[in-house]
Amino acid sequence: MNSTTFAFIDEDAKKEIRRSLLKAVALPGYIVPFASREMPVARGWGTGGLQITLSIILERDVLKVIDQGCDASVNAVNIRDFITEVTGVKETVNTSEASIIQTRHRIPEHEFAKDEKQILVFQVPTPEVLTTVEPDTAKQKQMHANSDYAKLWVLLYEDTSQYGDSRISNRYPVLINDHYVMDPSPIPKYDIPRMDNSPVLQLFGAGREKRIYAIPPYTSVKPLKFDDREFKVESFSGISCERCGAQNVFFDEVRRETGNHYFCSDTEYCDQHLEKSNAS
Amino acid sequence: MNTHTNTDIEQLNRKNFRNCLDALSRPGDVFQITPLFDSSLLALAAMLLYSEVNFYQQTDTNWNMIKVLTNSEEVAVEEADYLFLDTPLEHILMEAKAGDQLNPEFSATLICCCEDLNEGTQVKLSGPGIDGTKETILPATTSFLQLLAQKNKHFPLGVDMYFLSDTHMICGLPRTTTVEVL
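In this text the structure is predicted, and so the values were computed from the model without any measurement.

## Focus on the sheet that holds strand E9 (residues 211–215) of chain A
All names here are of chain A.
Thinking step 1. Here seven strands make up an open sheet; going across it, the order is E1-E9-E8-E5-E4-E2-E3 and the pairing mixed. Since the sheet does not close on itself, it has two edges, and those belong to strand E1 (32–33) and strand E3 (90–91), each with one partner.
Thinking step 2. Bridging between strand E2 (residues 62–67) and strand E4 (residues 100–104) involves five bridges; their strand directions are parallel. Across the sheet, the residue bridging to Lys64 is Ile101, located in E4.

## Brief notes about the nonpolar core
Thinking step 1. Ranked by internal contacts, the top residues of the largest apolar core, which has 97 residues, are Ile56(A), Leu203(A), Leu49(B), Trp63(B), Phe84(B), Ile111(B) and Ile170(B).
Thinking step 2. The greatest single-element share of this core, amounting to eight residues, is contributed by helix H2 (residues 40–48) of chain B.
Thinking step 3. Residues contacting Trp63(B), with those up to four places away along its chain left out, are Leu41(B), Leu42(B), Ala45(B), Leu49(B), Phe55(B), Gln57(B) and Phe84(B).
Thinking step 4. Grouped together as the second largest cluster of nonpolar side chains are 29 residues, Ala80(B), Leu85(B), Ala108(B) and Leu117(B) included.

## Structural notes on the state of the cysteines
Cysteine pairs can be covalently joined through their sulfur atoms, and such a bond is termed a disulfide.
Residues and elements named next belong to chain A.
Thinking step 1. With the rule as written, the count across this model stands at zero disulfides over all chains.
Thinking step 2. We note that Cys241 lacks a disulfide partner, and the nearest cysteine sulfur, in Cys264, lies 3.7 Å from it.
Thinking step 3. Among the residues examined, Cys241 registers a relative accessible area of 4% and is labelled buried.
Thinking step 4. As a non-bridged cysteine, Cys264 has Cys244 as the owner of its nearest cysteine sulfur, 3.6 Å distant.

## Let's talk about the layout of surface pockets
Residue and element names in this part refer to chain A.
Thinking step 1. One number sums up the size of the second largest pocket: a volume of about 350 Å³.
Thinking step 2. Together, 18 residues line the second largest pocket, and Ile31, Glu128, Thr137, Gln140 and Arg211 are the ones closest to its centre.
Thinking step 3. Ranked by residues supplied to the lining of the second largest pocket, first place goes to helix H4 (residues 137–145) with four residues.
Thinking step 4. Of the residues assigned to the lining of the second largest pocket, the class counts are six nonpolar, seven polar and five charged.

## What about the side chain of Gln202(A)?
Residue and element names in this part refer to chain A.
Thinking step 1. Structurally, Gln202 can be placed in strand E8 (residues 201–206).
Thinking step 2. Gln202 sits in the buried class, given a relative accessible area of 1%.
Thinking step 3. Among the polar contacts made by the side chain of Gln202, one reaches the main-chain carbonyl oxygen of Met195 at a distance of 3.4 Å.
Thinking step 4. Sequence-distant contacts of Gln202, defined by excluding residues within four places in its chain, comprise Ile107, Leu120, Phe122, Met195, Tyr213, Ala214 and Ile215.

## Some remarks on the interface of chain B and chain A
Thinking step 1. The interface is formed by 44 residues belonging to chain B together with 43 residues belonging to chain A.
Thinking step 2. Interface of chain B and chain A: buried area, both sides summed, is about 3700 Å²; carbon and sulfur atoms make up 57% of it.
Thinking step 3. Its largest share of buried area at the contact with chain A, chain B owes to Arg14(B), Arg18(B) and Tyr50(B), together 20% of the area lost on that side.
Thinking step 4. Between chain B and chain A we count three salt bridges in total.
Thinking step 5. Arg14(B) is the salt-bridge partner of Glu59(A), the closest N and O atoms lying 2.6 Å from each other.
Thinking step 6. The interface formed by chain B and chain A includes 17 residue pairs in polar contact (both at pLDDT 80 or more).
Thinking step 7. Looking at the side of chain B that touches chain A, the elements with two or more residues in it are helix H1 (9–25), H2 and strand E8 (160–165) of chain B.
Thinking step 8. Ranked by residues supplied to the side of chain B that touches chain A, first place goes to H1(B) with twelve residues.
Thinking step 9. Residue classes in the side of chain B that touches chain A are distributed as 21 nonpolar, twelve polar and eleven charged.

## Things to note about the environment of Leu224(A)
Thinking step 1. Within the secondary structure layout, Leu224(A) lies in the loop between strand E10 (221–223) and strand E11 (251–256).
Thinking step 2. The residues contacting Leu224(A), other than those within four sequence positions of it, are Leu152(A), Trp153(A), Leu156(A), Tyr172(A), Pro173(A), Leu175(A) and Val181(A).

## What about the domain arrangement of chain A?
Residues and elements named next belong to chain A.
Thinking step 1. Domain boundaries assigned for chain A yield domain 1 (11–127 + 176–222) and domain 2 (235–280).
Thinking step 2. Taking the mean C-alpha position of each, domain 1 and domain 2 sit 26 Å from one another.
Thinking step 3. Across the contact, 14 residues belong to domain 1 and nine residues belong to domain 2.
Thinking step 4. In total, about 980 Å² of surface goes out of reach between domain 1 and domain 2, with carbon and sulfur atoms giving 50% of it.
Thinking step 5. Together, Glu109, His110 and Tyr190 form the three largest contributors to the area buried by domain 1 at its contact with domain 2, with a combined 47%.
Thinking step 6. Inspection of the domain 1/domain 2 interface yields one salt bridge.
Thinking step 7. Close ionic contact of Lys64 with Glu268 constitutes a salt bridge, the shortest N to O distance being 3.9 Å.
Thinking step 8. On the surface where domain 1 and domain 2 come into contact, there are nine residue pairs in polar contact (both at pLDDT 80 or more).
Thinking step 9. In terms of residue class, the side of domain 1 that touches domain 2 is made up of five nonpolar, five polar and four charged.

## Some details on the sheet that holds strand E6 (residues 121–126) of chain B
All names here are of chain B.
Thinking step 1. Across the sheet, three strands lie side by side as E7-E6-E10; this open sheet has antiparallel pairing. Each edge of the sheet is formed by a strand with only one pairing partner; in this case those strands are strand E7 (133–138) and strand E10 (178–181). Between one strand axis and the next, the sheet turns by 35° as a mean value, whatever way the strands run.
Thinking step 2. Where E6 lies against E7, six bridges are found, and the strand directions are antiparallel. When the sheet's bridge partners are listed, Val123 is paired in E7 with Thr136.

Calculation rules
- Residues numbered from 1 in each chain as written.
- Chains lettered and ligands numbered in written order.
- Predicted model: local features only at pLDDT ≥ 70, side-chain atom pairs only at ≥ 80, totals over all residues.
- Heavy atoms only, no water.
- Pairing = 2+ DSSP bridges.
- Helix = DSSP H or I, 4+ residues; strand = E, 2+ residues; numbered from the N terminus.
- Core = buried A, V, L, I, M, F, W, Y, C linked by side-chain atoms within 4.5 Å.
- Buried < 20%, exposed > 50% of the residue type's maximum accessible area, 1.4 Å probe, protein only.
- Contact = heavy atoms within 4.5 Å.
- Disulfide = S-S within 2.5 Å.
- 1 Å grid on protein atoms, 1.4 Å probe; cavity = no way out; pocket = protein on both sides within 12 Å on 5 of 7 lines; lining within 4 Å.
- Points joined across faces, edges and corners; volume = space filled by probe spheres on them.
- Nonpolar A, V, L, I, M, F, W, Y, C, P; charged D, E, K, R; others polar.
- Polar contact = N/O pair within 3.5 Å; in protein donor to acceptor, adjacent residues only side chain to side chain.
- Buried area = accessible area lost by both parts, 1.4 Å probe.
- Salt bridge = Lys/Arg side-chain N within 4 Å of Asp/Glu carboxyl O.
- Domains from an automatic or database assignment.
- Axes fitted to C-alpha atoms, helices over the stretch in contact; angles between N-to-C directions.

Printed below as a string of structure tokens:
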């Protein structure tokens, strides 16, 4: 018998998470409850994503961890260090090189390759999309069972009638495979169309809320919107990154006395773009 | 039976789980399973079963070691979370639990053995996990596949399936996959 357990979690806990993952893949967008374990980081700091990654990871995997697009933020560095220490897997910041990408609130800018079988693991704070309109969890479950999303539509209607568009800036509700409405985690609206028909397997873990859900590759992901309204993502028209000069990507806005400054949210994309710009 | 006392079962489980996850995420694609006790069916059982889930089996295999290893209970068809079968059986498929609207995850997963994944019925698959459509062969009869379509007609109710070949290859078929017999 080995003296230490590979990937920190005990085998029975992994089996519980794996059971939930397989059910989640078979039921795209459906929230599967699971017995979330204590992790060596506080709940709400990525324990759901961490438990998923530790349950699926193999010795041959290459791991990338990002936090809001950044490979070097405290949350990303600590999670990456922990996973590599308990598994010995290779780490990378290169999206195309990674087989598992754990992310908090962003999807990397690079296009995912079709045949690489990459897995994107999202850290999710609030998995239930109906929380904003219905606080009772039993009623939420009933509403999902009945595909009753009327309250979300009313919220969307109220926003549209008063403000011309939805006020939801992140966690925008999405319809998965024309059945369940799901919380895509607090990614910006910019990333929502990039979830649709994606070649990667997208897994979502909420450790504090004890929930797992998934979007298989090549699955329809549609934002909730009225037929006569366009789904508008964040606009960065005419803006380029102050560091690398990139355009048409998602930017971080930094406010200083000198005015607003914009930088690529995806730091790996920014580094690569800067390298290409310097080379040419 | 070769008991492989030096086998690292946890390592085997994580390798086999990843291939099962890939198989269910990409219906129609084929992945390798590493056998346990010379059986890929028992390898899947060791990976899937634990004390919180139960199973039914209709096979020629000895399950004593799996019961000891996993502490999982053997139950009747209609109660089982996982059903391990030597061959796709229509009456078992019909009796397997399909979950309910509130808890569709309380449904069964069938693991059916076959000789060869390339011998069976020519089909066209579509649905989540498939880029457009995919033509392939499923190792089951037309009537079995028609019953499966009937069972999975009212999503999210239904069963998920794996076909497992004698050559230790696996192919997944979640309830979301539409199977058109060609």
